[in-house]
Amino acid sequence: MRKKEIKIVVLGSYNSGKTTTLENLCQKKAKIEYNGTTIALDYGNTIIEGEKIHIFGSPGQERFEFMREILSQGLDGAIVVIDSSKGISSVDETILTKLNIKDVPYVLFANKQDISSNLIEHHIIKPETPIIPTIATSGEGVGEGLLTLLHMIKK
């Protein structure tokens with residue numbers, strides 16, 4: 001019998017650091033982008049604690065909501081990347097609302113801590129949600145955040 005593999009989707013608004021986060025998490029990866037902007041999806045996989053994890057990165061612009069919906073089908077968990085210098089956007093609010101309604105385990109990456117170490121606070125974030133300070137460009141915090149999410153998924 002084949003072991004179940006885990007599907008994680010990296011979500012967040014435009015230019016929050018989703019692709020860079022995925023690049024730091026995966027040994028093997030592929031991107032579909034135009035002028036450096038994700039227009040369909042990013043994909044990578046990795047093996048952690050003997051489990052194969054498929055990680056999909058979604059585009060962040062509002063007009064690509066349909067792609068977020070497609071990529072989120074059958075997901076086991078999500079990483080929501082927030083640009084801590086800007087805070088939670090309307091796209092982030094929509095993403096968090098849908099994750100909360102569907103009761104999907106997720107972690108929040110307060111990214112760009114090298115630019116701004118603002119705390120991410122919003123009434124829409126569940127109180128038990130882990131908020132991980134990250135710097136995607138250097139990989140700081142991203143591995144820890146993925147491990148946290150995996151343990152949440154396994155509970």
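Look above for the structure.
Every value quoted in this text rests on a predicted model; they were computed, and no experiment measured them.

*Asks:* Account for the environment of Y14, with residues named and values stated.
*Replies:* Topologically, Y14 is positioned in the loop between β1 (6-12) and α1 (18-25). In the structure, Y14 is positioned 102 residues away from S116 in sequence and 17 Å away in space, judged by C-alpha atoms. Excluding residues within four positions of it along the chain, Y14 makes contact with T37, G60 and Q61.

*Asks:* Please provide a residue-by-residue account of the packing of aromatic side chains, values included.
*Replies:* Inspection of every chain in the model, using the stated rule, returns two aromatic pairs. Positioned above the aromatic ring of F56 is the side chain of K7, whose terminal nitrogen or guanidinium carbon lies 5.2 Å from the ring centre.

*Asks:* Could you give an account of empty space enclosed by the protein, naming the residues involved and the relevant values?
*Replies:* If you walk through the whole model with that rule in mind, you get one cavity of 30 Å³ or more. Of the pockets and cavities examined, the largest cavity occupies roughly 150 Å³. Around the largest cavity, the lining residues are L11, E65, R68, E69, S72, L75, T94, I95, K98, L99, K102 and V104. Counting residues per element, the ones that place at least two in the lining of the largest cavity are α2 (65-71) and α3 (90-102). For the lining of the largest cavity, the per-class residue count stands at five nonpolar, two polar and five charged.

Rules used throughout
Residues numbered from 1 in each chain as written. Predicted model: local features only at pLDDT ≥ 70, side-chain atom pairs only at ≥ 80, totals over all residues. Heavy atoms only, no water. Helix = DSSP H or I, 4+ residues; strand = E, 2+ residues; numbered from the N terminus. Contact = heavy atoms within 4.5 Å. Phe/Tyr/Trp six-rings, centres within 6.5 Å; stacked < 30°, edge-to-face > 60°. Lys NZ or Arg CZ within 6 Å of the ring centre and 35° of its normal. 1 Å grid on protein atoms, 1.4 Å probe; cavity = no way out; pocket = protein on both sides within 12 Å on 5 of 7 lines; lining within 4 Å. Points joined across faces, edges and corners; volume = space filled by probe spheres on them. Nonpolar A, V, L, I, M, F, W, Y, C, P; charged D, E, K, R; others polar.

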